[in-house]
Amino acid sequence: MNSDTIKRKVNELKNVLSSCIYPKGFCCEICENESDNIRDGICDECKDKLVPFIGNFTIQYIDEVYSMFVYNDASRGLILKFKSGNRTYLAEFFVNFMVVPKSWDYDVIVPVPSKESSRLKRGFSQCDLLAEELSKKTNKPCDLKCLKFIKETEDQKTLTRKEREKNLKNAIVSVKSVEGKNILLVDDIRTTGNTLKECARALKKQGANKIYAVTCCADVI
Ligand SMILES: [Zn+2]
């Protein structure tokens, strides 16, 4: 077993233990208060803080994009908990809210890949978990090994819009042919849409037909 595999195993174990420490459904996932009015994991008060994302957003190479929530303090808090590894079951929470339009005719669900450094740090990839949950919900297959980061890019948060685009260019590849397939991409947060665009570009290179994308949250920009 090499050191990367050991590191990943340790992180996976930590996540399992954390899930035991933070059992689901005990208190509100956003304010963390105990309440009798918790439905779908959140209390009535916090439900109002999750704002549905309404509006059109277009991304090159992608036929249609849909996001559930506006990326605000409430949804950001949830995403951070989800990514921190303590609450990997939040994948189920987000997917419960995920609406995939009936008109989308897709063959396979493909998660946006994580950089190897993030995967090693967390022990999991949050988009893989979302794709697996969505696959269970929709009975469509998911392919976690289709897209891959082939270079370690800089953290997008610190870069300008133009720099982000350059940073990600040719950083993602599809390692297999998706000739003629319609694909549903899954991501946690959509900001400028650059990551999704690069994923779609890679899939088109490998022959993808239609590409759709669904994200938990979206920045209003
Ligand atoms: Zn609450």
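Rules used throughout
- Residues numbered from 1 in each chain as written.
- Predicted model: local features only at pLDDT ≥ 70, side-chain atom pairs only at ≥ 80, totals over all residues.
- Heavy atoms only, no water.
- Axes fitted to C-alpha atoms, helices over the stretch in contact; angles between N-to-C directions.
- Helix = DSSP H or I, 4+ residues; strand = E, 2+ residues; numbered from the N terminus.
- Parallel < 35°, antiparallel > 145°, perpendicular 65-115°, else oblique.
- Contact = heavy atoms within 4.5 Å.
- Nonpolar A, V, L, I, M, F, W, Y, C, P; charged D, E, K, R; others polar.
- Left-handed = near helix turned anticlockwise from the far one by under 90°.
- Salt bridge = Lys/Arg side-chain N within 4 Å of Asp/Glu carboxyl O.

> Would you take a moment to explain the packing of helix α3 (residues 73-84) against helix α4 (residues 90-97) for this structure?
Axis angle and axis distance: for two packed helices, these are the angle between their axes and the distance between the axes, and together they describe the pair. Between α3 and α4, the least distance of the axes is 9 Å, while the angle of their chain directions is 140°. Compared by their axis directions, α3 and α4 come out oblique. Note on element contacts: α4 touches α3 through Leu-90, Ala-91, Phe-93 and Phe-94, opposite Leu-78, Ile-79, Lys-81 and Phe-82. For the contact of α3 with α4, a count of residues per class yields 7 nonpolar, no polar and 1 charged.

> Please clarify how the packing of α4 against helix α6 (residues 126-138) should be interpreted in this entry.
Relative to each other, α4 and α6 sit at 55°, their axes nearing to 9 Å. Classed by the angle they form, the pair α4 and α6 counts as oblique. Here α4 and α6 pass one another in a crossing that is right-handed. Packed against α4, whose contacting residues are Ala-91, Glu-92, Phe-94, Val-95 and Asn-96, the element α6 presents Leu-129, Leu-130, Glu-133, Leu-134 and Lys-137 at the interface. Tallied by class, the residues present in the contact of α4 with α6 amount to 6 nonpolar, 1 polar and 3 charged.

> In this structure, what is going on with the pattern of salt bridges? I would like to understand it.
Throughout the structure, instances matching the rule amount to 10 salt bridges. A salt bridge links Glu-32 to Arg-87, with the shortest nitrogen-to-oxygen separation between them at 3.4 Å. Taken as a pair, Glu-32 in the loop between α1 (3-21) and β1 (38-39) and Arg-87 in the loop between α3 and α4 lie far apart in primary sequence, 55 residues in all. Notably, a salt bridge pairs Asp-73 with Arg-76, separated by 2.9 Å at the nearest N-O pair. A residue pair is termed a helical-turn pair when its members lie 3 or 4 positions apart in one helix, as Asp-73 and Arg-76 do in helix α3 at 3 residues. Connected through salt bridges with shared partners, the residues Glu-29, Glu-32, Lys-81 and Arg-87 form a single ionic network.

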